[in-house]
Amino acid sequence: MSSSDIFIGETIGTAVLILLGGGVCAAVTLKRSKAKDAGWLAVTFGWGFAVMTGAYLAGGVSGAHLNPAVTLGLAIEGGTKWSDVPLYLGSQLLGAMIGAVLVWIAYLGQFKAHLTDPEILAAQPVEDGMVDQKAAPAAGPVLGVFSTGPEIRNYVQNVLTEIIGTTVLVLAILTQGLNDGGNGLGTLGALITALVVVSIGLSLGGPTGYAINPVRDLGPRIIHSVLPLPNKGSSDWSYAWVPIVGPLVGGAIAGGLYNVAFK
């Protein structure tokens, strides 16, 4: 596939992935949303369907990696040229940032209502009449719409959780090629991958919010840091390395395991 195919497919596919995935987080988080407090099941299935939609859109164009961990795993397995890896990663990050901006646009009224609501602001540390960004570094009132964060901040455990979840995801994607005499699952693969994402979210998402995708976290976190949202809270950059390093290590492990156990 050409460089333009990779760029277009990964940018659009990842943008849709983040738009729908971040959208469900906004839906269950923000005041004045009809899905407010819909819960973890809504989040996990929303993200699963987001993966399915993005993968269907991009599958025939770029192969629908939509995730640097998947790209790394495929490069180690041999299905993706190493020379294409930087283009995949750059396109995925751009798409993730675009998707996060679209979430903000779609929920603009809800963001404003949420971030100016007295009950929401009363729950935040306040200094001199303004939300104290330094006093609440772990998460702002809307950071969870954009990025992940741990329930218990233990970096070793957090990284291991992301490694385990991502290894499962990438290994499940790689082994699709073993089906149907080596022809894979075709368009059905997007549905299977989506269900794997739902399973990871239900079973392993509790500790960290299951980023399992570096750009899924980094791109929206960058957008959160620059959006003109009042009282938005910290972007929690001290944690940002965890959902980057963990998934990349998990993707590499999955690629290595595939080469050892399945080739």
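What counts as what
The residue numbering used here restarts from 1 in each chain and proceeds along that chain's sequence as written. Confidence filtering applies because this is a predicted model: local features only for residues at pLDDT of at least 70, side-chain atom pairs given and counted only at 80 or more, and all residues used for totals across whole chains, interfaces and linings. For the side-chain quantities, the full set of heavy atoms in the structure was used; hydrogens and water were omitted. For this analysis, a nonpolar core means a set of buried residues of the types Ala, Val, Leu, Ile, Met, Phe, Trp, Tyr and Cys, connected via side-chain atoms within 4.5 Å. Using a 1.4 Å probe on the protein chains alone, a residue whose accessible area is under 20% of its type maximum counts as buried, one over 50% counts as exposed, and one in between counts as partly exposed. Every helix listed is a DSSP run of H or I at least four residues long, and every strand listed is a run of E at least two residues long, numbered separately from the N terminus. Whether two residues touch is decided by their heavy atoms; if any such pair falls within 4.5 Å, the residues are in contact. Salt bridges are defined by distance alone: a side-chain nitrogen of Lys or Arg within 4 Å of a carboxyl oxygen of Asp or Glu. Computed over the protein atoms alone on a 1 Å grid, cavities are sets of points where a 1.4 Å probe fits but cannot get out and pockets are open sets with protein on both sides within 12 Å along at least five of seven lines; a residue lines them when it has an atom within 4 Å of a point. Grid points are joined across faces, edges and corners, and a volume is the space filled by probe spheres set on the points. For this classification, Asp, Glu, Lys and Arg are treated as charged, while Ala, Val, Leu, Ile, Met, Phe, Trp, Tyr, Cys and Pro are nonpolar and the rest, including Gly, are polar.

(A) Representation of the nonpolar core in the model. In terms of nonpolar packing, the biggest core is built from 37 residues, with W47, F111, F146 and L229 touching the most fellow members. Ranked by the residues each element gives to this core, the list is headed by helix α1 (residues 3–29), at 7 residues. Setting aside residues up to four positions removed in sequence, F146 forms contacts with A100, F111, R216, P220, I223, H224, L227 and L229. V70, V170, L171 and A254 belong to the second-largest nonpolar core, a separate cluster that totals 8 residues.

(B) Examining the pattern of salt bridges more closely. Tallied over the full model, the rule gives 5 salt bridges. Between K31 and E119 there is a salt bridge; the shortest N-O distance is 3.4 Å. Of this pair, K31 sits in the loop between α1 and α2 (40–62) while E119 sits in helix α6 (residues 118–122); the two residues are 88 residues apart in sequence, bridging distant segments of the chain. The salt bridge partner of D236 is R153, with a shortest N-O separation of 2.7 Å. Placement of D236 in the loop between α10 (214–226) and α11 (242–261) and of R153 in the loop between α7 (143–146) and α8 (155–174) is noted, with a sequence separation of 83 residues between them. Given the relative accessible area of 34%, R153 is considered partly exposed. Connected through salt bridges with shared partners, the residues K31, D117 and E119 form a single ionic network.

(C) View of the side chain of H65. Within the secondary structure, H65 is located in the loop between α2 and α3 (68–77). Once residues within four sequence positions are removed from consideration, H65 is found in contact with E10, V70, T71, L74, T80, Y88 and Q92.

(D) Examining the environment of I98 more closely. In this structure, I98 sits in helix α4 (residues 85–106). Among the residues examined, I98 registers a relative accessible area of 34% and is labelled partly exposed. Expressed as a C-alpha distance, the spacing of I98 and V16, which sit 82 residues apart in the sequence, is 8.8 Å. Apart from residues no more than four positions distant in its own chain, I98 is found in contact with T11 and A15.

(E) Local environment of unusual backbone geometry. Phi is positive for R32, close to 70°, though the residue is something other than glycine. Inspection of the secondary structure assignment puts R32 in the loop between α1 and α2. With relative accessibility at 70%, the residue R32 sits in the exposed group. Although it is not a glycine, N231 sits at a positive phi angle of roughly 55°. Here N231 shows up in the loop between α10 and α11. Taking the relative accessible area as the measure of exposure, N231 reaches 18% and is therefore buried.

(F) Seen up close, empty space enclosed by the protein. This model, assessed by the stated rule, comprises 1 cavity of 30 Å³ or more. Volume-wise, the largest cavity comes out at about 50 Å³. Along the walls of the largest cavity sit I18, G22, W47, A100, V103, V145, F146, R216 and P220, which together make up its complete lining. At the level of elements, α1, α4, α7 and α10 are the ones that each hand at least two residues to the lining of the largest cavity. Tallied by class, residues from the lining of the largest cavity come to 7 nonpolar, 1 polar and 1 charged.

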